[in-house]
Amino acid sequence: MRKGRDPDAGLAPYAALMATSRGRRNPEPPADYRSEFQRDRDRIVHSNAFRRLVYKTQVFINHEGDMYRTRLTHSLEVAQIGRSVANALALSEPLTEAICLAHDLGHTPFGHAGQDVLNECMREYGGFEHNLQSLRVVDELEERYAKFSGLNLTFETREGILKHCSLANARQLGELGRRFIEREQPSLEAQISDLADAIAYNNHDVDDGLRSGLVTIDDLREVALFARHHATVSAAYAYLPSRRMIHEIGRRMIHDVVSDLIEETTRRLGEAKPANIDAVRTMPRPLAAFSEAKAAEHTDLKKFLRTRLYRHEHIEAQRSGAGQVLRGLFEAFMQDVTRMPAEHRDAALAMEALTGMAGRARAVADYVAGMTDRYAFQEHARL
Ligand code: MG
């Protein structure tokens, strides 16, 4: 920035510094009062894809109730956790926030059910990965600038958004794909954002699961992390109404894993002493991590949620219904691209002219993936 405070002041040498940023694909003059990572965050918040997250499923289909997490509130919780950790470790808070807010921009409607169905529909045409789609949203699909497609974010934000990627796709992604081929790490900010995602969903899915009645406090006491905090809270308070009990346990669980993450990462940083961000990238393993014991507890919680909540028959029934809706939409638009709104139809025709049916399929997938849950239902009813 030209007039504001030095954005690198007070950050650790191994943080993502503005001074060593690899910059934007289309060079732009610096902003007056914002760092480039703050600018990335602001571009993400103003994007269409970000606003649509409010009507996209996290676990419970959007119309099931107003109290459940959506992709938007999930992303905000991820950003809150990520920022706290970044700040405690003297890493770039705006970069962490930008990555966290953008990490699910490419998610289809209907959560993972939607992702799986779209991936099957796209099997012959290069597949569909929501992670790669998040990158596609910020690199190609947002239309907010006269001079270029996408949001023209910095390398560091894009590196963080692309959490995983197949080798075949990595080879097409140039500088950004290189780390998957050479087995390098992303920045610490990206590593933190990835773990903040897991902390956020593990904990809010406990809350949403309890709210839905699909799992109970007694069920959750099988999980060591939950059981421990349940015991402490029960011992400290003779009687607590269940909502307060659940939230009291929830915040203690988050505090527990977040503190562990900060302490273990500090320990690893002390051992490895990376001189700068490139040293972080060439480490054989991530420096941001839980301790072994906490990682095991966190994994147990994740397994519990997978078998008892995500595979609950109620959720499975929603999944299959939602899957049929998406498949129906994909097939209808593939057959006849003129059923899509004009700009998507034109994109499909232009991409088909370049790469044949794979191009047409990609444009259809872009359109379908961008839908909110309720828009997908509406479109399905219309067709
Ligand atoms: Mg997420």
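For the structure, see preceding data.
Thresholds, definitions, all that
Residues numbered from 1 in each chain as written. Predicted model: local features only at pLDDT ≥ 70, side-chain atom pairs only at ≥ 80, totals over all residues. Heavy atoms only, no water. Axes fitted to C-alpha atoms, helices over the stretch in contact; angles between N-to-C directions. Helix = DSSP H or I, 4+ residues; strand = E, 2+ residues; numbered from the N terminus. Parallel < 35°, antiparallel > 145°, perpendicular 65-115°, else oblique. Left-handed = near helix turned anticlockwise from the far one by under 90°. Contact = heavy atoms within 4.5 Å. Nonpolar A, V, L, I, M, F, W, Y, C, P; charged D, E, K, R; others polar. Donors = N, O, S within 2.8 Å, 3.2 Å for Na, K, Ca; no water. Buried < 20%, exposed > 50% of the residue type's maximum accessible area, 1.4 Å probe, protein only. Phe/Tyr/Trp six-rings, centres within 6.5 Å; stacked < 30°, edge-to-face > 60°. Lys NZ or Arg CZ within 6 Å of the ring centre and 35° of its normal. 1 Å grid on protein atoms, 1.4 Å probe; cavity = no way out; pocket = protein on both sides within 12 Å on 5 of 7 lines; lining within 4 Å. Points joined across faces, edges and corners; volume = space filled by probe spheres on them. Salt bridge = Lys/Arg side-chain N within 4 Å of Asp/Glu carboxyl O. Patch = residues over 30% accessible without salt bridge, like charges linked within 9 Å, V, L, I, M, F, W, Y side chains within 5 Å. Areas by Shrake-Rupley, 256 points an atom, 1.4 Å probe, with all protein chains shown as cover. Lys, Arg positive; Asp, Glu negative; His and termini not counted. Charge placed at Lys NZ, Arg CZ, Asp CG, Glu CD.

**Student:** Kindly report on the packing of helix α10 (residues 188-212) against helix α15 (residues 292-310), identifying the contributing residues and their values.
**Tutor:** The geometry of α10 relative to α15 is characterised by a closest axis approach of 10 Å and an angle of 45 degrees between their N-to-C directions. Classified by the angle their axes make, α10 and α15 are oblique. Like other packed secondary-structure pairs, α10 and α15 cross with a definite hand, here left-handed. Counting all contacts with α10, which are made through Ala-198, Ile-199, Tyr-201, Asn-202, Asn-203, Asp-205, Val-206 and Gly-209, the residues of α15 involved are His-298, Leu-301, Lys-302, Leu-305, Leu-309 and Tyr-310. Of the residues belonging to the contact of α10 with α15, the class tally is eight nonpolar, four polar and two charged.

**Student:** Give me the lowdown on the coordination of the magnesium ion, citing residues and values where you can.
**Tutor:** Looking at the magnesium ion, one finds its protein donor set to be His-74 (NE2), His-103 (NE2), Asp-104 (OD) and Asp-197 (OD), positioned 2.1 to 2.6 Å from the metal centre. Counting the intervening residues between successive donors of the magnesium ion yields the motif H-x28-H-D-x92-D. Remark: Asp-104 occurs in the loop between α4 (93-102) and α5 (111-121) and His-74 occurs in helix α3 (residues 71-88); sequence separation between them is 30 residues. An identical accessibility class is assigned to His-74 and Asp-104; each is buried.

**Student:** Just give me the short version of the packing of aromatic side chains, but keep the residues and values in it.
**Tutor:** The tally for this structure, following the rule as stated, stands at four aromatic pairs. An aromatic cluster is built from Phe-333, Tyr-367 and Tyr-375, whose rings are joined through pairwise contacts. The ring centre of Tyr-55 lies 3.8 Å from the NZ or CZ of Arg-374, which sits over that ring.

**Student:** If you had to explain unusual backbone geometry to someone new, which residues and values would you point to?
**Tutor:** A positive phi angle is found at Ala-90, which is not glycine, with a value near 60 degrees. Counting through the fold element by element, Ala-90 comes out in the loop between α3 and α4. Not every positive phi belongs to a glycine, and Lys-273 is a case in point at roughly 45 degrees. Relative to the helices and strands, Lys-273 resides in the loop between α13 (242-272) and α14 (277-281). On the basis of relative accessible area, Lys-273 is assigned to the exposed category, the value being 62%.

**Student:** Just give me the short version of empty space enclosed by the protein, but keep the residues and values in it.
**Tutor:** Evaluated as defined, the whole model comprises two cavities of 30 Å³ or more. Around the largest cavity, the lining residues are Arg-22, Phe-155, Glu-159, Glu-175, Leu-176, Arg-178, Arg-179, Glu-184, Gln-185 and Arg-281. Tallied by class, residues from the lining of the largest cavity come to two nonpolar, one polar and seven charged.

**Student:** Can you explain the pattern of salt bridges? Please cite residues and give values.
**Tutor:** Counted according to the given criterion, the structure contains 46 salt bridges. Where Arg-69 meets Glu-77, a salt bridge forms, and the shortest distance between an N and an O atom there is 2.9 Å. Overall, the relative accessible area of 25% leaves Glu-77 in the partly exposed class. In this structure, a network of salt bridges that share partners links the residues Arg-34, Arg-41, Asp-42, Arg-83, Glu-93 and Glu-97.

**Student:** Now, about the layout of surface pockets: what can you tell me, with residues and values included?
**Tutor:** In this model, the second largest pocket occupies a volume close to 900 Å³. The dominant element in the lining of the second largest pocket, judged by the number of residues it contributes, is α10, at seven residues. Residues belonging to the lining of the second largest pocket are distributed by class as follows: eleven nonpolar, 14 polar and eleven charged.

**Student:** Help me get a handle on a positive patch on the surface, residues and values and all.
**Tutor:** A contiguous patch of positive charge on the surface is contributed by Lys-302, Lys-303, Arg-306 and Arg-311. Within the secondary structure, Lys-303 is located in helix α15. A relative accessible area of 45% means that Lys-303 is categorised as partly exposed.

**Student:** Go over the environment of Gly-4, please, and point to the residues and values.
**Tutor:** Here Gly-4 is to be found in the segment before α1 (36-45). A relative accessible area of 36% places Gly-4 in the partly exposed class. Taking the C-alpha atoms as reference points, Gly-4 and Ser-35, separated by 31 residues in sequence, lie 8.4 Å from one another. Ignoring anything within four residues of it in the chain, the contact list for Gly-4 reads Asp-32 and Tyr-33.

**Student:** I'd love a proper account of the environment of Ile-161, names of residues and values included.
**Tutor:** Relative to the assigned elements, Ile-161 resides in helix α7 (residues 155-161). Overall, Ile-161 belongs to the buried group, its relative accessible area being 0%. For Ile-161 and Phe-377, which are 216 residues apart along the polypeptide, the C-alpha to C-alpha distance reads 28 Å. Residues in contact with Ile-161, not counting those within four places in the same chain, are Ile-99, Ala-102, Asn-131, Ser-134, Leu-135, Val-138 and Leu-153.

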